[in-house]
Amino acid sequence: MSIKYAILGLLSWKPSSGYELKKIIEESSTMYWSGNNNQIYKSLVKLLGEGLVTNEIQHQESSPSKKIYSITDEGLDRLREWVLSESEVPEFKNTFLIQLAWAEQLSNEELNELLIQYENKLNMHILFEQEKIKRGVISPDRNSREEFLWNKISENLLSFYHNELNWVQGIRKELYEKESIEERMIMNYKIIENGNQKYIEFISTPTPFCTEQDAVDLVALCKENETNLLLLHSHVLSEDFFKLRTGVAGNMIQKFINYHVKTAAVIPKELVNKGKFKEMVLESNHSNHFRVFETREDAESWLLK
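For every chain, the first residue of its written sequence is number 1, and the numbers climb from 1 along that sequence. Owing to the predicted nature of the model, reporting of local features is limited to residues with pLDDT of at least 70; listing and counting of side-chain atom pairs is limited to 80 or more, with chain, interface and lining totals taken over all residues. To get the side-chain values, all heavy atoms of the structure are used, and hydrogens and water are removed first.

Colleague: Sorry, what's going on with a nonpolar patch on the surface here?
Modeller: Patch building starts from residues that exceed 30% relative accessible area and form no salt bridge, then joins like charges within 9 Å and nonpolar side chains (Val, Leu, Ile, Met, Phe, Trp, Tyr) within 5 Å. Per-residue and other accessible areas follow the Shrake-Rupley method at a 1.4 Å probe size, with only the shown protein chains counted as cover for residues. A pairing counts as a salt bridge when a side-chain nitrogen of Lys or Arg comes within 4 Å of a carboxyl oxygen of Asp or Glu. Judged by side-chain polarity, F92, L97, F160 and W167 come together as a nonpolar surface patch covering roughly 380 Å² of accessible area. What makes F92 exposed here is its relative accessible area of 53%. Accessibility here uses a 1.4 Å probe with only protein chains present; expressed as a share of the type maximum, an area under 20% marks a residue as buried, one over 50% as exposed, and anything in between as partly exposed.

Colleague: Can you walk me through the state of the cysteines in this structure?
Modeller: Two cysteines joined by a covalent bond between their sulfur atoms form a disulfide. For this text, the term disulfide refers to a pair of cysteine sulfurs within 2.5 Å. Inspection of every chain in the model, using the stated rule, returns zero disulfides. In this structure C210 is not part of a disulfide, and its nearest cysteine sulfur, from C222, lies 18 Å away. With a relative accessible area of 31%, C210 lands in the partly exposed category.

Colleague: It is not clear to me how the sheet that holds strand β4 (residues 197–204) should be interpreted in this structure. Could you clarify?
Modeller: The strands making up a sheet associate through backbone hydrogen bonding, with each pair oriented either parallel or antiparallel. A sheet is described by the order of its strands in space; here five strands give the open sequence β3-β4-β5-β6-β7, paired in mixed fashion. This sheet does not close on itself; its edge strands, each paired only once, are β3 (188–194) and β7 (290–293). Direction aside, the axes of adjacent strands within the sheet are offset by 20 degrees on average. Any two strands between which DSSP finds at least two bridges are classified as paired. Secondary structure is summarised from DSSP: a helix means a run of H or I of at least four residues, a strand means a run of E of at least two, and numbering begins at the N terminus for each. Across five bridges, strand β5 (residues 229–233) lies against strand β6 (residues 262–266) in parallel orientation. Pairing of L232 across the sheet is with A265, part of β6. Lines fitted to C-alpha atoms define the axes here, with helix axes fitted over just the stretch in contact, and angles between the N-to-C directions of these axes take values from 0 to 180 degrees.

Colleague: What should I look at first to understand a negative patch on the surface in this one?
Modeller: On the surface, a cluster of negative charge is contributed by D73, E74, D77 and E81. Note that E81 resides in helix α4 (residues 73–83). Using a relative accessible area of 54% as the deciding quantity, one classes E81 as exposed. Note that His is not counted, nor are the chain ends; the positive residues are Lys and Arg, and the negative ones are Asp and Glu. We put the charge of a Lys on NZ, of an Arg on CZ, of an Asp on CG and of a Glu on CD.

Colleague: Just checking my understanding: could you explain helix α10 (residues 248–258) for this structure?
Modeller: An α-helix turns once every 3.6 residues. As a result, residues three or four positions apart point the same way. When we look at burial in α10, the residues that qualify are V248, A249, M252, I253, K255 and F256. The buried side chains of α10 occupy one side of the element, clustering within an arc of 150 degrees when seen end-on. At the exit of α10 stands H260, carrying a positive phi of roughly 60 degrees. The directions considered for the arc run from the helix axis to the C-beta atoms.

Colleague: So what exactly am I meant to see when it comes to the environment of S65 here?
Modeller: Looking at where S65 falls in the secondary structure, it is placed in the loop between β1 (53–58) and β2 (66–71). Placed 146 residues apart in sequence, S65 and T211 show a C-alpha to C-alpha distance of 60 Å. By the convention used here, residues are in contact when the closest approach between their heavy atoms is within 4.5 Å. Beyond its immediate sequence surroundings of up to four residues, S65 is in contact with I57, Q58, H59 and Q60. Polar contact criterion, stated in full: a pair of N or O atoms within 3.5 Å, where within protein one must be able to donate a hydrogen and the other to accept it, and residues adjacent in sequence count only if both atoms are side-chain atoms. Here the side chain of S65 touches H59 through a polar contact of 2.9 Å, side chain to side chain.

Colleague: What is the right way to read unusual backbone geometry from this model?
Modeller: With the exception of glycine, the majority of residues adopt a negative phi angle, and the majority of peptide bonds are in the trans configuration. With phi around 55 degrees, E226 is a residue other than glycine that occupies positive phi space. As for its position among the elements, E226 is in the loop between α9 (212–224) and β5. Although it is not a glycine, H260 sits at a positive phi angle of roughly 60 degrees. Among the secondary structure elements, H260 is positioned in the loop between α10 and β6.

Colleague: I would appreciate a short explanation of the nonpolar core in the present structure.
Modeller: The nonpolar side chains of soluble globular proteins are, as a tendency, buried together. Ranked by internal contacts, the top residues of the largest apolar core, which has 34 residues, are F202, L230, L232, F241 and I267. Counting residues per element, the ones that place at least two in this core are β4, α9, β5, α10, α11 (269–272), α12 (277–284) and β7. Put simply, a nonpolar core is a bunch of buried Ala, Val, Leu, Ile, Met, Phe, Trp, Tyr and Cys residues held in one set by side-chain atoms that sit within 4.5 Å of each other. Core analysis: the second largest hydrophobic core is formed by 21 residues, I7, L11, L44 and Y69 among them.

Honestly, that's just the spatial picture; any functional story needs more than this.
Shown next as structure tokens:
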């Protein structure tokens, strides 16, 4: 499909400048072109040559003059003709499927992280699309039938991302149902529910957490239980976590941040005040990602607010 039909469609709503067309195309999920000036202005020149649009110079007192493009009757006829034409089968390009095709060479942990990364990306995209729907597309007021059709377009896009999310979550479940994260790590934890919120609290673990992979496994456990809130007690963290020179604390906390898991740690004052760890705590306690508390009650209060 040529971008010129998208331009004709937008101009059928209202006359617009090239810049206004560019902005709408950039913000739209259905119009998959880059929206760069070269594409748009080349198409406008062709449409002018074919008599499908006209333009006029609009002078502005405080800004440079701009060209405003309008669709002609012939342009409306061509747009209608294209809308009635036979639809193309959608092209399907998904780089993740190619990555997955050669994922056998990865370890279980690496594959799990790859799947989690894709899952998080899909979640973010769903939120992004929902926000765009709330803001609405830049256009004149639509009639009820047009509004219905555009809502269905948005529904189609969201259903694709939701289906993709369910699919990747299903892969992770089937791959690890015989060797679940709980079994691999032999963790002792509780799922605490408070109203419509819940978090995971770690009571003990045979081997204290000390690696980035431990952090990834904690993230995965949160995702499996549909929460992004985590509470850790000091005794589940290795001694190296409190020694900044080892990099353990920094690496684990960065994983929590990357995967949007809000984490609270209950750590006694005597451990907090050891060496440079105190400086890291003072800095992190200004963030909304990872904070250290002396009591479990304070930690829970911050997690749930």
